[in-house]
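Chain residues, written in single-letter form:
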Amino acid sequence: MKIFAATKYLGLGILVLAMGVGCATAPEEAPPPADTSSQMADLKAAAAQAIADARAAVNKARSVDGLWPSTEDVLNQAVVAYDAGEFERAVQLANRARSEAEQGYNQALLERAKALLQEAKQYESMMNADQLNTLREAEAAIARFEGERAYALLSGLLAELRSAMMNYTVERGDSLWKISGKDEVYGNPYQWPIIYKKNQDQIKDADLIYPGQEFAIDKVPSQSEVDAAVNHAKTRGAWSIGEVEESDRAYLAR
């Protein structure tokens, strides 16, 4: 009986101990419910911003005739998804429209840059070191398909070059000496060889030009070009109309 009682009490002790241990651990609390209204507001704001960015990119592409026909449709789909409360889809579509518009804008400027490059190369012989570096940098940008950068470089370069150039229409009684001496040209008749060299494709004999001819005038020749021209004008030697003097050939070859 004593053994039984001890066993009984021992069992109760184990039971009580087990119950006590169980009560010592607090039950885990469930995580608070997610604030879906806040998440939805953030997503809605993100969709609105994505659509605004896409619109800006579309307008930019349109300004250079670089908008792809499908891009505006994709943007419209994004707006429809936004109005329907499908904000994730709206973001995806708007980002796609923006990406397409940016590609179209870059491609349009790349084509324009290629045309500007051909024009700029016509002035290559009169460019200084900085201008030549800009030209090479623009060529590299075109090779890397960086249309916007190439266009910006070449637009600036050509604006600079054009401001240094003028066109002159030959009038009756004109000569290279007379043209060079005009204030709006060089104001120095001895610089006439610069006009001759620049327009040698039109001028066969420096002493024979014709009314109506259009000459390109470099308004800001380098000092070395001026020195060479003046020296040639003063040391040219005898000349006659209708013949190309050997001294002129030598000057053009330099």
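What you see as residue numbers is a count from 1 along each chain, following the sequence as written. In view of the model being predicted, local features appear only for residues whose pLDDT reaches at least 70, and side-chain atom pairs are presented and counted only at 80 or more, with totals across whole chains, interfaces and linings using the full set of residues. With hydrogens and water stripped out, all remaining heavy atoms of the structure feed into the side-chain values.

(A) Up close: the overall build of the chain. Numbering of helices and strands runs from the N terminus; a helix is a DSSP stretch of H or I covering at least four residues, while a strand is a stretch of E covering at least two. Counting secondary structure elements, the chain contains ten helices and two strands. Counting only residues that meet the buried cut, the chain has 32% of its 254 residues in that class. It only takes one pair of heavy atoms within 4.5 Å for two residues to be counted as in contact. When contacts within the chain are restricted to residue pairs at least 6 apart in sequence, those whose partners lie at least 24 apart make up 65%. A 1.4 Å probe and the Shrake-Rupley method give the accessible areas. Residues count as covered only by the protein chains that appear here. With the model as given, the accessible surface of the chain reaches about 15,700 Å², and the carbon-plus-sulfur share is 55%. For every residue, the accessible area (1.4 Å probe, protein chains only) is compared with the maximum for its type, and the residue is labelled buried under 20%, exposed over 50%, or partly exposed between those bounds.

(B) Just the environment of Ala250, in detail. Locating Ala250 in the fold gives a position in helix α10 (residues 246–253). Owing to a relative accessible area of 37%, Ala250 belongs among the partly exposed residues under this scheme. With 18 residues separating them in the primary sequence, Ala250 and His232 have C-alpha atoms 9.6 Å apart.

(C) Structural detail: the packing of aromatic side chains. Stacked, edge-to-face and tilted are the three classes for Phe, Tyr and Trp ring pairs, Trp counted by its six-membered ring, which pair at centre distances within 6.5 Å; planes under 30 degrees apart are stacked, over 60 edge-to-face, the rest tilted. According to the stated counting rule, one finds three aromatic pairs in the structure shown. Taking 4.9 Å as the distance between ring centres and 70° as the angle between the ring planes, the aromatic pair formed by Trp177 and Tyr190 counts as edge-to-face. You can see Trp177 sitting in helix α7 (residues 176–181) and its partner Tyr190 sitting in the loop between α7 and α8 (192–198), a full 13 residues away along the chain. Overall, the relative accessible area of 42% leaves Trp177 in the partly exposed class. Among the residues examined, Tyr190 registers a relative accessible area of 32% and is labelled partly exposed. Should the NZ of a Lys or the CZ of an Arg lie within 6 Å of a ring centre and within 35 degrees of the ring normal, that charge is described as sitting over the ring. Over the aromatic face of Tyr251 sits the side chain of Lys197, whose NZ or CZ is 5.1 Å from the ring centroid.

(D) Region of interest: the nonpolar core. Each nonpolar core is a collection of buried residues, namely Ala, Val, Leu, Ile, Met, Phe, Trp, Tyr and Cys, held together in the definition by side-chain atoms within 4.5 Å. Leu75 and Ala94 are the most contacted members of the largest nonpolar core, which totals 21 residues. Elements that contribute at least two residues to this core include exactly α2 (36–63), α3 (69–83) and α4 (87–121). Broken down by element, this core gets its largest block of residues, nine residues, from α4.

(E) Here's a closer look at the side chain of Arg236. Relative to the helices and strands, Arg236 is located in the loop between α9 (223–235) and α10. On the basis of relative accessibility, which here comes to 9%, the residue Arg236 falls in the buried class. Polar contact is defined as a pair of N or O atoms within 3.5 Å, subject to the rule that within protein one atom must be able to donate a hydrogen and the other to accept it, and that residues adjacent in sequence are counted only when both atoms are side-chain atoms. Within the structure, the side chain of Arg236 is placed 2.8 Å from the side chain of Asp248, a separation counted as a polar contact. Not counting the four nearest positions on each side in its chain, Arg236 is found in contact with Trp192, Ala206, Asp207, Glu245, Ser247 and Asp248.

(F) Structural view of the packing of α2 against α3. To obtain an axis, a line is fitted to C-alpha atoms, over the contacting stretch when the element is a helix, and the angle between two such axes runs from 0 to 180 degrees between their N-to-C directions. With their axes 10 Å apart at the nearest point, α2 and α3 run at an angle of 160° to one another. With respect to their mutual orientation, α2 and α3 come out roughly antiparallel. In this structure, α2 crosses over α3, and the sense of that crossing is left-handed. Facing Lys44, Ala47, Ala48, Ile51, Ala54, Arg55, Val58 and Arg62 of α2, the residues of α3 in contact are Thr71, Glu72, Leu75, Ala78, Val79 and Tyr82. Polar here means any residue other than Ala, Val, Leu, Ile, Met, Phe, Trp, Tyr, Cys and Pro, which are nonpolar, and Asp, Glu, Lys and Arg, which are charged; Gly is therefore polar. For the contact of α2 with α3, the per-class residue count stands at nine nonpolar, one polar and four charged. Any angle from 65 to 115 degrees is called roughly perpendicular, while one under 35 is roughly parallel, one over 145 is roughly antiparallel, and all others are oblique. Handedness of a crossing follows from how the near helix is turned relative to the far one, being left-handed for an anticlockwise turn of less than a right angle and right-handed for a clockwise one.

(G) Molecular detail of the side chain of Gln213. Residue position: Gln213 is located in the loop between α8 and β2 (214–218). Polar contacts involving the side chain of Gln213 include one to the main-chain carbonyl oxygen of Gln202, which spans 3.3 Å.

(H) Summary view of the packing of helix α5 (residues 129–143) against helix α6 (residues 147–163). One way to put it is that α5 packs onto α6 with a least axis distance of 8 Å and a crossing angle of 155°. Considering their axes alone, α5 and α6 lie roughly antiparallel with respect to each other. Relative to α6, α5 is oriented so that their crossing is left-handed. Taking contact as the criterion, the partners of Gln131, Thr134, Leu135, Glu137, Ala138, Ala141 and Ile142 in α5 are, on α6, Arg149, Ala150, Leu153, Leu154, Leu157, Glu160 and Leu161. For the contact of α5 with α6, the per-class residue count stands at nine nonpolar, two polar and three charged.

(I) Representation of α5. The length a helix should cover is 1.5 Å for every residue beyond the first. In this model α5 runs 21 Å from its N-terminal to its C-terminal C-alpha over 15 residues, within 8% of the 21 Å that 1.5 Å per residue would give. By the burial criterion, the buried members of α5 are Gln131, Leu135, Ala138, Ala141 and Ile142. Projection of α5 onto a plane perpendicular to its axis shows the buried side chains occupying an angular sector of 120°, all on one side. The exposed set on the far side of α5, more than 90 degrees from its buried face, consists of Ala129, Asp130, Asn133 and Ala143. Elements in contact with the buried residues of α5: α4 and α6. Directions from the helix axis toward the C-beta atoms define the arc.

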